[in-house]
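# Structural description and commentary
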Amino acid sequence: MAELVGPRLYGCCNCRNHVALHDDVISKAFQGRNGRAFLFSHAMNITVGPREDRHLMTGLHTVADVYCCDCHEVLGWKYERAYEETQKYKEGKFILEKSKIVKENW
């Protein structure tokens, strides 16, 4: 009998709540607050905090921290607005820090 294999996921490092699909990774070459971070097109089972302007490595952005909806661990942020034309592709996308997520179903 064949074993059913689900999609490769990322979970919260604290409670293992599923927060993103591997298929939604756009880039693994981003920098978070605490080291490497991944850019995702979508995230799930998260809560989005209030918007604020932050000066990041690539300029001024309006971002909102994202939290695990179960344990409230800060996982990264959502890009709400990019002020520089070359950074507009990030709008609506999510940064999840590598240190804050774990692989599931790999």
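Residues numbered from 1 in each chain as written. Predicted model: local features only at pLDDT ≥ 70, side-chain atom pairs only at ≥ 80, totals over all residues. Heavy atoms only, no water.

The name given to the chain in an unreviewed UniProt entry is Protein yippee-like, and the organism recorded there is Rosa chinensis. Quoted verbatim from the Sequence similarities (unreviewed entry) heading of the UniProt record, the comment on the chain is "Belongs to the yippee family." (UniProt positions renumbered as here; feature names shortened; annotations may be inferred.)

Let's shift gears to the overall build of the chain. Counting its secondary structure elements, the chain contains zero helices and nine strands. N-terminal to C-terminal, the α/β element order of the chain is β-β-β-β-β-β-β-β-β. Relative to the 2.2 N^0.38 estimate, which gives 13 Å for 106 residues, the radius of gyration of the chain is 14 Å and therefore close to what a compact globule would have. With the principal axes as the frame, the chain shows a C-alpha extent of 55 × 25 × 20 Å. Put simply, the chain has 106 residues, and 41% of those count as buried. Long-range pairs, those at least 24 residues apart, make up 47% of the contacts in the chain between residues at least 6 apart in sequence. On the chain, roughly 6,200 Å² of surface is accessible, and the fraction owed to carbon and sulfur atoms is 49%. In the chain, which carries 15 positive and 14 negative side-chain charges, the distance between the mean positions of the two groups comes to 4 Å. (Helix = DSSP H or I, 4+ residues; strand = E, 2+ residues; numbered from the N terminus. Rg over C-alpha atoms; globule rule 2.2 N^0.38 Å. Buried < 20%, exposed > 50% of the residue type's maximum accessible area, 1.4 Å probe, protein only. Contact = heavy atoms within 4.5 Å. Areas by Shrake-Rupley, 256 points an atom, 1.4 Å probe, with all protein chains shown as cover. Lys, Arg positive; Asp, Glu negative; His and termini not counted. Charge placed at Lys NZ, Arg CZ, Asp CG, Glu CD.)

Turning to unusual backbone geometry, a few remarks are in order. With a phi close to 70°, arginine 16 is a non-glycine residue in the positive phi region. Non-glycine residue asparagine 45 carries a positive phi angle of around 55°. Here asparagine 45 shows up in the loop between strand 4 (35-40) and strand 5 (46-56).

Spatially, the three strands line up as an open sheet ordered 2-1-9, and their pairing is antiparallel. Pairing within the sheet leaves two strands with one partner each, and these edge strands are strand 2 (18-21) and strand 9 (101-104). The sheet shows a mean angle of 35° between the axes of neighbouring strands, taken without regard to direction. Pairing analysis gives four bridges linking strand 1 (residues 9-12) to strand 9, with the strands arranged antiparallel. By the bridge assignment for strand 9, cysteine 12 is matched with isoleucine 101. (Pairing = 2+ DSSP bridges. Axes fitted to C-alpha atoms, helices over the stretch in contact; angles between N-to-C directions.)

Moving on to a positive patch on the surface. Residues Arg8, Lys28, Arg36, Lys98 and Lys103 make up a contiguous surface patch of positive charge. Checked against the element boundaries, lysine 98 lands in the loop between strand 8 (94-97) and strand 9. (Patch = residues over 30% accessible without salt bridge, like charges linked within 9 Å, V, L, I, M, F, W, Y side chains within 5 Å. Salt bridge = Lys/Arg side-chain N within 4 Å of Asp/Glu carboxyl O.)

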